[in-house]
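Listed below, chain by chain, are the residues.
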Amino acid sequence: MTIEATLFLGVDGGGTSTTALLGLADGRVIGRGESGPSNAKAVGTEAAKAALERAIAGAFVEAGEWPRSVAVACLGLAGFDRPEDRRLLGEWSEAGQWADRLVLVNDGDLVVAAGTPEGWGVGVIAGTGSIAVGRTADGRKSRAGGWGHVFGDEGSAYVLAVAALRLVARRADGRENASLCPDPLTRSLCDALGVSGPVGLVSAVYAPGCDRTRIAALAPAVLAAAAEDSTLDDLLVRPAGRELAESAAAAARSLGWTGGDLPLGLSGGFLLSSPVVAEALLGGLRDRGYNPLPTRVDEPAEGALILARRDHDGGK
């Protein structure tokens, strides 16, 4: 690598992990760095900054490059939505010499960039949280969801896990009966939290350190239980996909798309790990008159590199 090479940085940061990619003008990725969560609303600004710094440094190390200011850095970060958040990121970039120019977007914008053939359509993320983001060919944008776990994040791993815990509590009380005995859902959640039965769930869930991310991490246990007990698909799993369809359709309608072909980028560990959720999402869009054209986006940070290069080329 020559020192004259123009470098670009793309960062995808969320409630579970942060990924930074270092790339060249020709589209090649030469370095990748990973760290923990950088959603400031979930982990605080200092922890978010540290995660960003570790991921960016890791990308330079893998590339065999000395850390230096890149031409353009695009950051798609959950939890950095307010003007004061953006000012803070600008200060961090200047202090750390991240980039000559900083492009700040919603993390959903990365999925649209990486998951739609022409760079326009709708991107849906469902991991710890959830959001749907739309973008037209002329640059107009929309969003639906992304309100956080207290009164939003429908269709996310966190909301699924909370719904499952509530169902286990109802079954333990006798307010609702399980279709199988012993109940796979109760067993799976208790095993995941290291308790012997439903009574132990209270101590485990309300223990210090059992935060939003830890609760969301129970989603695989719910999906494993659903593989044993198919009734859980209708009770818990498919409703998550239908909620995501509602958000995606809302983002599309805001841009004037009321039906027909809809390029659709799909991302997030929860959504990509569950075919049942994905199919319920696509089915929900079809029921609303859309023809979803889905693309799986395993590495949203690639979308950040696309946006960084596009900005460098004047938006082309």
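All figures in this text were calculated on a predicted structure; none of them were measured in a lab.

Here is what the cut-offs are and how they apply
- Residues numbered from 1 in each chain as written.
- Predicted model: local features only at pLDDT ≥ 70, side-chain atom pairs only at ≥ 80, totals over all residues.
- Heavy atoms only, no water.
- Helix = DSSP H or I, 4+ residues; strand = E, 2+ residues; numbered from the N terminus.
- Buried < 20%, exposed > 50% of the residue type's maximum accessible area, 1.4 Å probe, protein only.
- Polar contact = N/O pair within 3.5 Å; in protein donor to acceptor, adjacent residues only side chain to side chain.
- Contact = heavy atoms within 4.5 Å.
- Pairing = 2+ DSSP bridges.
- Axes fitted to C-alpha atoms, helices over the stretch in contact; angles between N-to-C directions.
- Patch = residues over 30% accessible without salt bridge, like charges linked within 9 Å, V, L, I, M, F, W, Y side chains within 5 Å.
- Areas by Shrake-Rupley, 256 points an atom, 1.4 Å probe, with all protein chains shown as cover.
- Salt bridge = Lys/Arg side-chain N within 4 Å of Asp/Glu carboxyl O.
- Core = buried A, V, L, I, M, F, W, Y, C linked by side-chain atoms within 4.5 Å.

**Student:** What is the right way to look at the side chain of Ser188 in this model?
**Tutor:** In this fold, Ser188 is placed in helix 6 (residues 184–193). Given the relative accessible area of 14%, Ser188 is considered buried. Only 2.7 Å separates the side chain of Ser188 from the backbone oxygen of Ala221, close enough to count as a polar contact. When near neighbours in sequence (up to four residues on either side) are disregarded, Ser188 contacts Ala221, Ala224 and Ala225.

**Student:** How do you make sense of the sheet that holds strand 10 (residues 290–296) when you look at a structure like this?
**Tutor:** Neighbouring strands of a sheet are bound in pairs by backbone hydrogen bonds; such pairs are parallel or else antiparallel. In space, the 5 strands of this open sheet follow the order 8-7-6-9-10, with mixed pairing throughout. In this open sheet, the two edge strands, each paired with only one partner strand, are strand 8 (141–145) and strand 10. Strand-to-strand twist in this sheet, taken as the mean axis angle between neighbours without regard to direction, amounts to 25 degrees. Lying over the sheet, helix 4 (residues 107–115) contacts strand 6 (121–126), strand 7 (130–135), strand 8, strand 9 (260–267) and strand 10, oriented at roughly 125 degrees with respect to strand 6.

**Student:** Help me out: how do you make sense of a nonpolar patch on the surface in this one?
**Tutor:** A cluster of nonpolar residues, Trp147, Val150 and Phe151, forms a patch on the protein surface that exposes about 430 Å² of accessible area. Take Phe151: it is sitting in the loop between strand 8 and helix 5 (157–173).

**Student:** Explanation requested: the nonpolar core in the structure shown.
**Tutor:** Nonpolar side chains tend toward joint burial in soluble globular proteins. Val124 and Leu185 are the most contacted members of the largest nonpolar core, which has 56 residues in total. In terms of residue count, helix 10 (residues 231–254) provides more of this core than any other element does, 10 residues in total. In this view, Leu185 contacts Ala164, Leu167, Val168, Arg171, Val222, Ala225, Leu232 and Leu236; residues no more than four positions away in its chain are not counted. Counting 24 residues, the second largest nonpolar core, distinct from the first, contains Ala20, Ala40, Trp92 and Ala99.

**Student:** Would you mind showing me how to read the pattern of salt bridges here?
**Tutor:** Two side chains with opposite charge may pair up if their charged atoms get near one another. For the coordinates displayed, the defined rule picks out 15 salt bridges. Between Glu299 and Arg32 there is a salt bridge, with its nearest N and O atoms 2.7 Å apart. Of this pair, Glu299 sits in the loop between strand 10 and helix 13 (301–312) while Arg32 sits in strand 3 (residues 29–35), and the two are 267 residues apart along the sequence. A relative accessible area of 29% places Arg32 in the partly exposed class. We note a salt bridge from Asp173 to Arg175, for which the minimum N-O separation is 3.0 Å.

**Student:** Explanation requested: unusual backbone geometry in the structure shown.
**Tutor:** Residues other than glycine predominantly adopt negative phi, and peptide bonds predominantly adopt the trans conformation. Cis peptide bonds are those with omega within 30 degrees of zero, and the linkage from Cys181 to Pro182 qualifies with 0 degrees. Even without being glycine, Asp153 reaches a positive phi, approximately 65 degrees. Tracing the chain through its elements places Asp153 in the loop between strand 8 and helix 5.

**Student:** Before we go on, may I ask you to explain the pairing of strand 1 (residues 7–13) in this structure?
**Tutor:** Remember that side chains alternate between the two faces of the sheet whenever the strand is regular. For strand 1, the tally of buried residues reaches 7 of 7 residues, placing the bulk of the element in the interior. Every second residue of strand 1 is oriented toward a common face, with Leu7, Leu9, Val11 and Gly13 on one face and Phe8, Gly10 and Asp12 on the other, all of them buried. In sequence, strand 1 turns back onto strand 2 (residues 18–24) through a hairpin of 4 residues. Across 6 bridges, the pairing between strand 1 and strand 4 (residues 70–77) is parallel. Residue pairing in the sheet places Asp12 in a bridge with Gly76 of strand 4.

**Student:** Explain the side chain of Thr116 to me, please; I cannot follow it from the model alone.
**Tutor:** The residue Thr116 is located in the loop between helix 4 and strand 6 in this model. Contacts of Thr116, omitting those with residues within four sequence positions, involve Val111, Gly121, Val122, Pro263, Leu264 and Gly265.

These results come straight from atomic positions and should not be treated as a statement about function.
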